[in-house]
Amino acid sequence: MTAPLLALDALEPLVLQLAAALRARRWRLATAESCTGGLVAAACTAVAGSSDWFERGFVTYSNEAKVQSLGVPAALIARHGAVSREVALAMAEGVLRLAPADLALGVTGIAGPGGAVPGKPVGTVWLGLAARGQSARAELLQLGGDRASIRAQTVQQALQRLLEAARP
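Our subject in this report is the structure included herewith. Counting starts from 1 at the beginning of each chain's written sequence and moves along it residue by residue. Residues qualify for local features only when their pLDDT is at least 70, as the model is predicted, and side-chain atom pairs are given and counted only at 80 or more; totals for whole chains, interfaces and linings, by contrast, use all residues. For the side-chain quantities, the full set of heavy atoms in the structure was used; hydrogens and water were omitted.

The end-to-end C-alpha separation of helix 6 (residues 147–166) is 28 Å, in line with the 28 Å expected for 20 residues at 1.5 Å each. Think of it in three bands: residues with accessible area under 20% of the maximum for their type are buried, residues over 50% are exposed, and the middle band is partly exposed, with areas taken using a 1.4 Å probe on protein chains only. Numbered from the N terminus, helices here are DSSP runs of H or I no shorter than four residues, and strands are runs of E no shorter than two. All buried positions along helix 6 are accounted for by I150, R151, T154, V155, A158, L159, R161, L162, L163, A165 and A166. Contact definition: two residues touch when any of their heavy atoms are within 4.5 Å. Among the structural elements, helix 1 (8–25), strand 1 (29–33), helix 2 (39–45), strand 3 (103–109), strand 4 (124–131) and strand 5 (137–142) are those in contact with the buried residues of helix 6. Under the convention used throughout, the expected extent of a helix is 1.5 Å for every residue step, that is, one less than its residue count.

Looking now at the layout of surface pockets. Estimates place the volume of the largest pocket at around 230 Å³. In the scheme used here, Gly and all other residues not listed as nonpolar or charged are polar, with Ala, Val, Leu, Ile, Met, Phe, Trp, Tyr, Cys and Pro taken as nonpolar and Asp, Glu, Lys and Arg as charged. The residue inventory of the lining of the largest pocket, partitioned by class, reads 7 nonpolar, 7 polar and 3 charged. With a 1 Å grid laid over protein atoms only, a set of points is called a cavity when a 1.4 Å probe fits there but cannot get out and a pocket when it is open yet has protein on both sides within 12 Å along at least five of seven lines; lining residues have an atom within 4 Å of a point. Grid points are joined across faces, edges and corners, and a volume is the space filled by probe spheres set on the points.

We now examine the nonpolar core. Note on terminology: a nonpolar core comprises buried Ala, Val, Leu, Ile, Met, Phe, Trp, Tyr and Cys residues joined through side-chain atoms within 4.5 Å. Of all hydrophobic cores here, the largest spans 37 residues; its most connected members are L18, L29, W53, L103 and L159. Counting only elements with at least two residues in this core, the list comes to helix 1, helix 2, strand 3, strand 4 and helix 6. The greatest single-element share of this core, amounting to 8 residues, is contributed by helix 6. Once residues within four sequence positions are removed from consideration, L29 is found in contact with L18, L22, C44, W53, F54, E55, R56, A101, L103, A104 and L162.

This is how it looks when you write it as structure tokens:
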């Protein structure tokens, strides 16, 4: 038997901190995920009571899904690539337009083993964070390991950045 892709119970302490910070501000969270395939949303909703603070999650794996579901401009993807600062920000901002949430995450990356392009190796991940009334921001992660490891590290980093953004 193989190990699970992501040990959700190991993330529980971090998710509980995020939940407390969101509840303290009366904020709701929504996510848009590509390379993580909904793992951030799964980590959040693995905790009982998450319906108090987790609004919804979008899995927009294809470029078409990013355009149709989140309103990411196709020209932006053509110009910068799906794995870019610009697209991660557009994903997060798209979530805020669509969902009654106060904090949003957009995550896009190359988990591998294929998909690398010049200047964007496997392990390149962009996190976009948007909060109502604040400027959106993005962060580049350069992660190592196999596909499962890159995805797990991305979820951990995304939850940590969300916690930082949710703290008053």
